[in-house]
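# A structural walkthrough
Spelled out, the chains give:
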Amino acid sequence: MSYGTIGTGLGAPVGGAATNLGNTAQTAPAATGGLDFGSTLNSNLWLDAVGKILEGTGEVMQGAAGGTGTTGTGSLGNSGYTPLANQPQSNSFMGLANQGQTGGLNGLTQNIGNQGTGGDLNSIMQQLNQLVNQLQAMVGQVPQTQAPAPQQPPVDPVANLVNQAKADPQLQNAVRQVAQDPVGNKLLQGAVNDGLQGIQVANLPAGFFGQTIPEQKVVQIAPGTIGGTDLVRTIAHELTHAATLGNGDSLNEENVADKLGTQVQQRQTGFGPGYILGGDAYKGLPQDNGIVNALKLLGINV
């Protein structure tokens with residue numbers, strides 16, 4: 001006789017194939033201590049044991065459906081799934097437990113209790129097999145939960161843009177202020193898209209606050225500018241050049257760059273210009289190089 005796993009839970013049958021609880025025609029070998037169904041005493045003991053097992057199984061199923069059996073109130077009923085007790089009776093544990101006298105646990109245990117030594121144990125075995133198969137089918141219908149996908153940290157577009165600009169640590173706060181400004185952000189994005197290789201701190205000639213080197217695609221800021229109130233202005237000014245390297249430089253570009261830099265600084269820090277643009281560095285520059293149209297391509301209107 002093959003007992004399956006009814007005594008320990010609702011698992012798969014022993015041997016892995018379809019559950020077969022045996023019949024009275026099979027007698028367990030004496031060496032294993034199996035039950036001899038030819039004995040009236042052993043038969044009654046076996047029937048009584050099976051009855052208790054089935055009663056325990058009924059309580060487990062009622063608990064799983066949200067009932068109040070001895071196994072608890074039932075976790076499945078409170079876990080977010082549709083309670084099994086609310087499913088159609090033909091496909092639920094409650095339906096199996098509440099069937100009439102000729103089927104289900106209640107009827108089956110009563111039938112077992114009423115069996116004598118001459119009872120039809122084969123019929124009982126068939127009902128047990130049917131019941132276990134139904135239970136296995138029910139287990140397969142329980143919804144499976146999936147672990148939620150790990151949430152990715154939100155991307156900070158400003159921080160990401162500042163990182164792409166490869167700014168010197170001494171300049172990162174000022175570059176971040178530029179990136180937080182609607183116009184400054186477009187200037188920085190345009191420079192990055194045009195291949196900006198970094199915003200560096202470098203020793204410059206006297207009178208220089210910052211400069212852009214087109215061949216290297218870098219922006220350089222003088223150390224003395226870092227401690228002053230025109231740092232944001234100077235960075236935004238140089239980014240105007242770095243974002244429009246393809247058209248060279250001109251007097252008009254210098255004036256437009258200083259205008260944009262001053263506006264960005266005033267919006268971000270509240271400081272006005274601390275120095276006046278000019279000097280010998282601009283001698284020899286053409287009057288205009290189409291800077292206004294170049295900035296329009298970046299979404300900036302002057």
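First, a word on scope: everything that follows refers to the structure included in this document. Here the residue index of a chain counts from 1 through its sequence in written order. Only residues with pLDDT of at least 70 are given local features in this predicted model, and only at 80 or more are side-chain atom pairs given and counted; all residues enter the totals for whole chains, interfaces and linings. With hydrogens and water excluded, all non-hydrogen atoms of the structure serve as input to the side-chain values.

## Points about the side chain of Asp230
Helix and strand assignments come from DSSP, with helices taken as H or I runs of at least 4 residues and strands as E runs of at least 2, each series counted from the N terminus. Within the secondary structure layout, Asp230 lies in the loop between helix 8 (223-226) and helix 9 (231-242). Relative accessible area serves as the criterion here: at 7%, Asp230 is assigned to the buried category. When checking whether two residues touch, look at their non-hydrogen atoms; a contact exists if any pair is within 4.5 Å. Discounting residues that sit within four places of it in the chain, Asp230 has contacts with Thr225, Gln265, Gly272, Pro273, Gly274 and Tyr275. To sort residues, take the accessible area from a 1.4 Å probe on protein chains only and compare it with the maximum for the residue type: under 20% means buried, over 50% means exposed, and anything in between is partly exposed.

## As for the packing of helix 5 (residues 157-165) against helix 6 (residues 172-180)
Two packed helices can be described by the angle between their axes and the distance between those axes. An axis is simply a line fitted to the C-alpha atoms; with a helix, the fit covers only the stretch in contact. Between two such axes, the angle follows the N-to-C directions and lies from 0 to 180 degrees. Axis separation between helix 5 and helix 6 bottoms out at 9 Å; the angle between their running directions is 125 degrees. Comparing the axis directions of helix 5 and helix 6 gives the class oblique. Remark: the crossing between helix 5 and helix 6 carries right-handed chirality. Seen from helix 5, the contacting residues are Val158, Leu161 and Val162; seen from helix 6, they are Gln172, Val175, Arg176, Ala179 and Gln180. Residue classes follow a fixed rule: Ala, Val, Leu, Ile, Met, Phe, Trp, Tyr, Cys and Pro count as nonpolar, while Asp, Glu, Lys and Arg count as charged, and any other residue, Gly among them, counts as polar. Looking at the contact of helix 5 with helix 6, its residues break down into five nonpolar, two polar and one charged. Every angle not falling under 35 degrees, over 145, or within 65 to 115 is termed oblique; those three ranges are roughly parallel, roughly antiparallel and roughly perpendicular. Crossings are classed by handedness, with left-handed meaning an anticlockwise turn of the near helix from the far one by less than a right angle and right-handed meaning a clockwise turn.

## Overview of the side chain of Thr234
Mapping Thr234 onto the fold places it in helix 9. When sequence neighbours within four positions are dropped, the list of residues in contact with Thr234 reads Phe209, Gly210, Ile221, Thr225 and Tyr275.

## So, the packing of helix 7 (residues 182-193) against helix 9
Contact pair helix 7 / helix 9: the axes reach a minimum separation of 8 Å and the direction vectors enclose 45 degrees. Accordingly, the angle class assigned to the pair helix 7 and helix 9 is oblique. At the point where helix 7 passes helix 9, the crossing takes the left-handed sense. The segment helix 7 lies against helix 9, with Leu187, Leu188 and Ala191 engaging Ala236, Leu239, Thr240 and Ala242. Its residues placed into classes, the contact of helix 7 with helix 9 shows six nonpolar, one polar and no charged.

## Description of the sheet that holds strand 2 (residues 210-213)
Strand order in the open sheet formed by three strands is 1-3-2, and the pairing between neighbours is mixed. Bordering the open sheet on either side are strand 1 (198-201) and strand 2, each of which pairs with just one other strand. The average angle at which neighbouring strand axes cross in this sheet is 20 degrees, direction not considered. What makes two strands pair is DSSP finding at least two bridges between them. Here strand 1 pairs with strand 3 (residues 218-221) via four bridges, running parallel. Within the sheet, the bridge partner assigned to Val201 lies in strand 3 and is Ile221.

## Concerning helix 6
Within the sequence span of helix 6, burial applies to Ala174, Val175, Val178 and Ala179. The arc enclosing the buried residues of helix 6, seen along the axis, measures out at 145 degrees, which places them on a common side. If you follow the buried residues of helix 6, they end up packed against helix 5, helix 7, strand 1, helix 9 and helix 10 (251-269). Think of it as the arc spanned by the lines of direction from the helix axis to the C-beta atoms.

## Some words on the nonpolar core
Val175, Leu188, Leu196, Ile199, Ile235 and Leu239 are the most contacted members of the largest nonpolar core, which totals 31 residues. Every element with two or more residues in this core is listed here: helix 5, helix 6, helix 7, strand 3, helix 9, helix 10 and helix 11 (291-296). Here this core takes six residues from helix 9, the largest share from any one element. Those residues in contact with Leu239 that sit more than four places away from it in its chain are Val178, Leu187, Leu188, Ala191, Leu196, Ile199 and Val219. Nonpolar core, defined: a set of buried Ala, Val, Leu, Ile, Met, Phe, Trp, Tyr and Cys residues in which side-chain atoms within 4.5 Å join the residues together.

## So, the packing of aromatic side chains
A pair of Phe, Tyr and Trp rings is counted when the ring centres sit within 6.5 Å of each other, with Trp represented by its six-membered ring. The angle between the planes then sorts it: under 30 degrees is stacked, over 60 is edge-to-face, the rest tilted. Counted by the stated rule, this structure contains one aromatic pair. Charges are assigned to positions over rings by a cutoff of 6 Å between ring centre and Lys NZ or Arg CZ, combined with an angular limit of 35 degrees from the ring normal. Of note, Arg233 hangs over the ring of Tyr275, and the distance from its end group to the ring centre comes to 3.8 Å.

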